[in-house]
Amino acid sequence: MTRRSIVEVAMAGAQFVRGFVAPNGLAVLTLDRPRALNAMNLDMDLAYRSYLDEWASDPAVKAVLIEGSTSRAFSAGGDVKWMTTHGCNHRGMHALFLKVFSAEYSLICAIARYKKPYVSFMDGITMGFGFGLSGHGCYRVVTEKTMLAMPELAIGIFPDVGFANIAARSPGKGALGAYLALTGARVNNPADALYAGLGTHFVPSEKLSLLKGTLLQKNLSDSAHELVQDVLSEYSQEPASEPHLKGLLPSIVSCFDGGNSVLDCIQALKKEQLSSDSVVSQWASAALTSIQKSAPFGLFVTQKHFSSVASAVSKPKDVDALSEIEGVMKTEYRIALRMAVRNDFTEGVRAVLIDKDQNPKWQPPTLEDVNLADVNAVFSPFENELDELSV
């Protein structure tokens, strides 16, 4: 990559990230890269952050609304094809990953701590970093078109973007979130999205434009949170169906409890396959299939990370840094930089997104071949404190 200033890079991302401030104080940020399902590259990350920083300090801005330009997707996540093909060599890839993960993870912290109302329209595909941009906001609107997923293990890395921080607060003392992370299961039922804590409000997709219009008409003031909540309450409704995941929770806890190792999870799922309840047995079979396709090393890393965060969240505040988003993102920065340069990441992207042969050659190839010392090593602090994520 050529050397460019942050301002120049942010300007380069402006073609895909648009923002404006309405006279009533509502700032609207739109992702507009529909051909790539609004997948985010570094230019877009920096443009997004530039808008949020400007609006955070602008007294004229009272609330922020984020959306995608198409109902097909809010964002399919980070542009991993671009990431794995633009580094040229190992050193070049590491330099690129430093910039991308630093931009993404510091942005997530900024969103999680944003003081002004932050409303996310999670309409359509919302995966990976797309969830990172939307799922840490205080108001998360899902629709019947919403499809939430964290599919990173299928491409050889791990479910990042602070999802562990949200998963730890999911039903079953974090077991539900761990299940979603370890299997990459899709959540496309609004009732399940609300039950899992991924969304806060359900609004039919066809009503989003009316909801946005009402927010643009309101006289937002210093009590913007209250006004936004009133408008969301006006348009939100109960999903038509009950949460499917609620009925499965006992089985999910049995298989994905934080104390279970990856091998324990697999053995528990095999037992659930024998259930006389066809819903449970089919769920267990689907979960097993997903896990067996995933990178073995990534599975071990994911289980350790999500278990550690869930344990930290269950303790009193400030006992463990992992109970807060900053601690989670600093840990994920260490993990991501080390895992992204492993063969599994480029191989997973090749097999799933480039050649699409769906036949990645993982290293190591089996769960039994995973070295726990190597797993623990990706969590270690960097030797130089200056190399840690700055948030």
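Scoring rules and cut-offs
- Residues numbered from 1 in each chain as written.
- Predicted model: local features only at pLDDT ≥ 70, side-chain atom pairs only at ≥ 80, totals over all residues.
- Heavy atoms only, no water.
- Helix = DSSP H or I, 4+ residues; strand = E, 2+ residues; numbered from the N terminus.
- Expected span 1.5 Å × (residues − 1).
- Bend = angle between axes of the 7 residues up to and from the residue.
- Buried < 20%, exposed > 50% of the residue type's maximum accessible area, 1.4 Å probe, protein only.
- Contact = heavy atoms within 4.5 Å.
- Pairing = 2+ DSSP bridges.
- Phe/Tyr/Trp six-rings, centres within 6.5 Å; stacked < 30°, edge-to-face > 60°.

Enquirer: Explanation requested: helix H11 (residues 244–256) in the structure shown.
Expert: Given 3.6 residues to a turn, an α-helix orients residues that are three or four positions apart in the same direction. Across its 13 residues, H11 extends 17 Å between first and last C-alpha, which sits within 8% of the 18 Å expected from 1.5 Å per residue. A bend of about 50° at Pro250 is the largest found in H11. Where H11 is concerned, the buried positions are Leu245, Leu248, Leu249, Ser251, Ile252, Cys255 and Phe256. Where H11 is buried, its residues touch helix H7 (175–183), helix H8 (190–195), helix H12 (262–272) and helix H13 (278–293).

Enquirer: Please explain the sheet that holds strand S7 (residues 139–142) as it appears in this structure.
Expert: For sheets, the rule is that strands pair by backbone hydrogen bonds, running either parallel or antiparallel. Reading across the sheet, the six strands line up as S1-S2-S3-S5-S7-S9 and stay open at both edges, with mixed pairing between neighbours. Two strands close off the open sheet at either side, each with one partner strand: strand S1 (17–21) and strand S9 (201–202). Relative to strand S2 (residues 26–31), S1 is paired through five bridges, and the arrangement is antiparallel. Each bridged residue has a counterpart across the sheet, and for Phe20 the counterpart in S2 is Val28.

Enquirer: Help me out: how do you make sense of the packing of aromatic side chains in this one?
Expert: Each aromatic ring pair is characterised by the separation of its centres together with the angle its planes make. Applying the stated criterion across every chain yields a total of twelve aromatic pairs. Between Phe256 and Trp283, the aromatic rings sit 6.3 Å apart at their centres with planes inclined by 75°, giving edge-to-face as the arrangement. Of the two residues, Phe256 sits in helix H11 while Trp283 sits in helix H13, which places them 27 residues apart along the sequence. Across the pair, exposure class does not vary: Phe256 and Trp283 are buried alike.

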